[in-house]
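Chain residues, written in single-letter form:
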Amino acid sequence: MYFIKTPFWLRALYPSLTWRIKEPGKTVYLTFDDGPHETATEFVLEQLKQFNAKATFFCIGKNVASYPEVYKKILNDGHSIGNHTYNHVNGWKVKDDVYMEEINKAAGLIQSNLFRPPYGRIKRSQIKKLQSSNSSLQTIMWDVLSADFDTNVTPEACLGYVLYHTKPGSIIVFHDSTKAWERMQYTLPKVLEHFSKEGYEFKAL
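What comes next concerns the included structure.

Conventions we followed
Residues numbered from 1 in each chain as written. Predicted model: local features only at pLDDT ≥ 70, side-chain atom pairs only at ≥ 80, totals over all residues. Heavy atoms only, no water. Buried < 20%, exposed > 50% of the residue type's maximum accessible area, 1.4 Å probe, protein only. Helix = DSSP H or I, 4+ residues; strand = E, 2+ residues; numbered from the N terminus. Pairing = 2+ DSSP bridges. Axes fitted to C-alpha atoms, helices over the stretch in contact; angles between N-to-C directions. Left-handed = near helix turned anticlockwise from the far one by under 90°. Contact = heavy atoms within 4.5 Å. Patch = residues over 30% accessible without salt bridge, like charges linked within 9 Å, V, L, I, M, F, W, Y side chains within 5 Å. Areas by Shrake-Rupley, 256 points an atom, 1.4 Å probe, with all protein chains shown as cover. Salt bridge = Lys/Arg side-chain N within 4 Å of Asp/Glu carboxyl O. Core = buried A, V, L, I, M, F, W, Y, C linked by side-chain atoms within 4.5 Å. 1 Å grid on protein atoms, 1.4 Å probe; cavity = no way out; pocket = protein on both sides within 12 Å on 5 of 7 lines; lining within 4 Å. Points joined across faces, edges and corners; volume = space filled by probe spheres on them. Nonpolar A, V, L, I, M, F, W, Y, C, P; charged D, E, K, R; others polar.

## Some thoughts on the pairing of strand S3 (residues 80-83)
No. 1: Neither face of S3 is left uncovered, since the one carrying Ser80 and Gly82 and the one carrying Ile81 and Asn83 both have all their residues buried.
No. 2: As judged from the four bridges shared by strand S2 (residues 56-59) and S3, these two strands associate in the parallel manner. Bridge pairing in S3 links Phe57 to Ile81.

## Quick look at the packing of helix H7 (residues 155-165) against helix H8 (residues 181-197)
No. 1: Direction vectors running N to C along H7 and H8 enclose 35°, while the axes themselves pass 9 Å from each other. The handedness of the crossing between H7 and H8 is right-handed. Along the contact surface, H7 presents Pro155, Glu156, Cys158, Leu159, Val162 and Leu163, while H8 presents Glu182, Arg183, Tyr186, Thr187, Lys190, Val191, His194 and Phe195.

## As for the side chain of Thr139
No. 1: Within the secondary structure layout, Thr139 lies in strand S5 (residues 138-139).
No. 2: For Thr139, a relative accessible area of 7% puts it in the buried group.
No. 3: Ignoring any residue separated from it by four or fewer positions in sequence, one finds Thr139 in contact with Leu17, Thr18, Phe115, Pro117 and Leu130.

## Quick look at a nonpolar patch on the surface
No. 1: A cluster of nonpolar side chains, contributed by Met1, Phe3, Trp9 and Leu13, occupies part of the molecular surface with about 490 Å² of accessible area.
No. 2: Mapped onto the secondary structure, Met1 falls in the segment before helix H1 (8-13).
No. 3: Given a relative accessible area of 87%, Met1 falls into the exposed group.

## Some remarks on the environment of Pro155
No. 1: Mapped onto the elements, Pro155 comes out in helix H7.
No. 2: With relative accessibility at 14%, the residue Pro155 sits in the buried group.
No. 3: Distance in space between the C-alpha atoms of Pro155 and Arg183 is 4.4 Å, their sequence separation being 28 residues.
No. 4: If we ignore the near neighbours within four places in the chain, the residues touching Pro155 are Glu182, Arg183, Tyr186 and Thr187.

## What to know about the pattern of salt bridges
No. 1: Throughout the structure, instances matching the rule amount to 10 salt bridges.
No. 2: Close ionic contact of Glu42 with Lys73 constitutes a salt bridge, the shortest N to O distance being 2.8 Å. Taken together, the residues span a long stretch of sequence, with Glu42 in helix H2 (residues 40-50) and Lys73 in helix H4 (residues 68-76) at a distance of 31 residues.
No. 3: Between Arg183 and Glu182 there is a salt bridge, with its nearest N and O atoms 3.8 Å apart.
No. 4: Taken together, the shared-partner salt bridges in this structure form one network comprising Lys5, Arg20 and Asp143.

## Some points on H2
No. 1: Among all positions of H2, only Ala40, Thr41, Phe43, Val44, Leu45, Gln47 and Leu48 are buried.
No. 2: Buried residues along H2 sit in contact with strand S1 (27-33), S2, H4 and H8.
No. 3: Note on H2: the residue one or two positions beyond its end, Asn52, has a positive phi of about 50°.

## So, the nonpolar core
Soluble globular proteins tend to bury their nonpolar side chains together.
No. 1: Residues Leu30, Phe32, Leu48, Phe57, Cys59, Phe174 and Leu188 are the most contacted members of the largest nonpolar core, which totals 31 residues.
No. 2: Mapped onto this core, the elements with two or more residues apiece are S1, H2, S2, H4, H7, strand S7 (171-175) and H8.
No. 3: Discounting chain neighbours no more than four positions away, the residues touching Phe32 are Val44, Leu48, Ala55, Thr56, Phe57, Phe58, Phe174, Asp176 and Leu188.

## Focus: the layout of surface pockets
No. 1: Considering only enclosed or pocket space, the largest pocket measures out at about 820 Å³ in volume.
No. 2: What lines the largest pocket is a set of 26 residues, among which Tyr2, Tyr119, Gly120, Arg121 and Trp142 lie closest to the centre.
No. 3: Sorting the residues of the lining of the largest pocket by element identifies H1 and S7 as the ones contributing at least two each.
No. 4: Residues belonging to the lining of the largest pocket are distributed by class as follows: 16 nonpolar, six polar and four charged.
No. 5: Size it by volume and the second largest pocket reaches roughly 160 Å³.
No. 6: As for the second largest pocket, its lining consists of Phe8, Arg11, Ala12, Pro15, Leu17, Thr18, Trp19, Arg20 and Lys22.
No. 7: For the lining of the second largest pocket, the per-class residue count stands at five nonpolar, one polar and three charged.

Here it is in structure tokens:
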């Protein structure tokens, strides 16, 4: 089970996490999880460039190690990067010390004060450890989930979710991964085109 639009009560339960950006103007924040990926990330970067859009990539440490040139291209194109653990671990299923080791191992390759928990699953105790270990670290969540990772969702439905739920200040999640490729490839160009025509700016976190 997952929420396409993050409900208010969930945001209220975890107020120290960043769910959306409150600022004036028509701005949205595209984020991409699970890369870098040799095909999907290259596609995303090309699409972003066409619309003069900036985004944030929450990278898995082992993928950075596997595709260092793609990772460098993300940085060279002026996008933000964030830590997404080394092996994409589920915080609910591992001990806190193991979780911190995963984050620290990824941090050896990903120099960033942004972190996103894989699957959006993180314990309160892990949040506390993160905040005490690095007071400048921001844990970034989202308020619109594209569902591009869900193989039961059509590309058209994925597009509809994003277009319907996105508002100024929204943080939107896509995935530059093999699993999400079919839906992300269809949806991202149309999202960029739609919100560009509506006068939105795409910013990195």
